[in-house]
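Chain and residue survey
Read off the chains here:
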Amino acid sequence: MIRIAIADDDPKEISILKEFYQDLGKEIHEKLHVISFTSGIELLNTYDYSYDLICLDIDMPEKNGIQIAKEIRKLDHQVLMIFVTNMAQMAIKGYEVQALDFIVKPINYYSFAMKIRNAINMIHIQESKNLVIGTPTGMQKISTDELYYVEVQGHYLYFHTISGVFKQKGALKKLENELVGLPFKRCNQCYLINLKHVDCVDKDEIKIGGDWLRISRPQKKEFLQSLANYMGGISL
């Protein structure tokens, strides 16, 4: 599932974009979960890093789309951005925030679909990352897609994967920073979880890769919210 945020102060434009995303999702057999905001401020105030793509109208009150994008970039360097605007001359400013593209109003479905297909292809490329782990006899390359969770014990990290458990000296915080932009979240101070592989939540525990791990009370609310966002807004 791909999570997309739309920020536009015109309800009619939001409706058109939602319909286009729905049609495109059916065409490419991809689940596109679209969340709309009637202002960039609303998007910024509730930003939670769960979006794969953000579509920003440039001409909005209070703060325009370019200003909002600059604020988001301070928080998130990975998310893809596309500007939707009737001011094509303003779109050049999008390069200041590493915008992927821009769509000119009135929106044409063919142009929209072409640009969003390209964005979706890029999202799929960014969905995983390879980690190289040192082993007693050499090295092991692990895709984050195959990683259930990482456990820290003392100065060592234990990578629990589909292929088994691998041990390497390291710091969990450093690894966490390397995985920014991917669906990893701590459920407590000892475990960094791949939200993609969470099978079950039962009170203060989660099941992942066949193991039951405890969710700490201080991190429970934030962890469950991140999991809900990743799974498409379900209530946990």
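Residues numbered from 1 in each chain as written. Predicted model: local features only at pLDDT ≥ 70, side-chain atom pairs only at ≥ 80, totals over all residues. Heavy atoms only, no water.

**Quick look at unusual backbone geometry**
P106 follows K105 through a cis peptide bond whose omega is -5°. Phi at H29 takes a positive value of approximately 55°, unusual for a residue other than glycine. Tracing the backbone shows H29 in the loop between α1 (11–28) and β2 (32–37). A relative accessible area of 74% places H29 in the exposed class. Despite not being glycine, K203 has its phi angle at roughly 55°, a positive value. Looking at the element boundaries, K203 is found in the loop between β13 (198–202) and β14 (205–208). The exposed category is assigned to K203, whose relative accessible area is 71%. (Helix = DSSP H or I, 4+ residues; strand = E, 2+ residues; numbered from the N terminus. Buried < 20%, exposed > 50% of the residue type's maximum accessible area, 1.4 Å probe, protein only.)

**Observations concerning α1**
A rise of 1.5 Å per residue sets the reference length of α1, with its 18 residues, at 26 Å; its end C-alpha atoms lie 26 Å apart and thus fit the reference within 8%. Buried within α1 are the following residues: E13, I14, L17, F20, Y21, L24 and G25. Looking straight down α1, one finds that the buried residues subtend no more than 135° of arc, so they occupy a single side. Opposite the buried face of α1, by more than 90 degrees, sit the exposed residues P11, K12 and K26. Contact partners of the buried residues in α1: β1 (2–7), β2, β3 (53–57) and α4 (109–126). Where α1 begins, the side chain of D10 points an oxygen toward the backbone nitrogen of K12, at a separation of 2.9 Å. (Expected span 1.5 Å × (residues − 1). Arc of directions from axis to C-beta. Contact = heavy atoms within 4.5 Å. Polar contact = N/O pair within 3.5 Å; in protein donor to acceptor, adjacent residues only side chain to side chain.)

**As for the sheet that holds β1**
With respect to topology, 5 strands assemble into an open sheet ordered β2-β1-β3-β4-β5, the strand pairing being parallel. Where the open sheet ends on each side, the last strands, each with one partner, are β2 and β5 (101–104). Each strand of the sheet is rotated relative to its neighbour by a mean of 20°, with strand direction disregarded. As paired strands, β1 and β3 are joined by 4 bridges and run parallel to one another. When the bridges of β3 are listed, I4 appears paired with L53. (Pairing = 2+ DSSP bridges. Axes fitted to C-alpha atoms, helices over the stretch in contact; angles between N-to-C directions.)

**Digging into the pairing of β2**
Relative to β2, β1 is paired through 6 bridges, and the arrangement is parallel. Across the sheet, residue R3 finds its bridge partner in β2, namely H33. Once the chain exits β1 it traverses α1 before rejoining the sheet at β2, and the crossover so formed is right-handed. (Right-handed = clockwise from strand over helix to strand, strands pointing away.)

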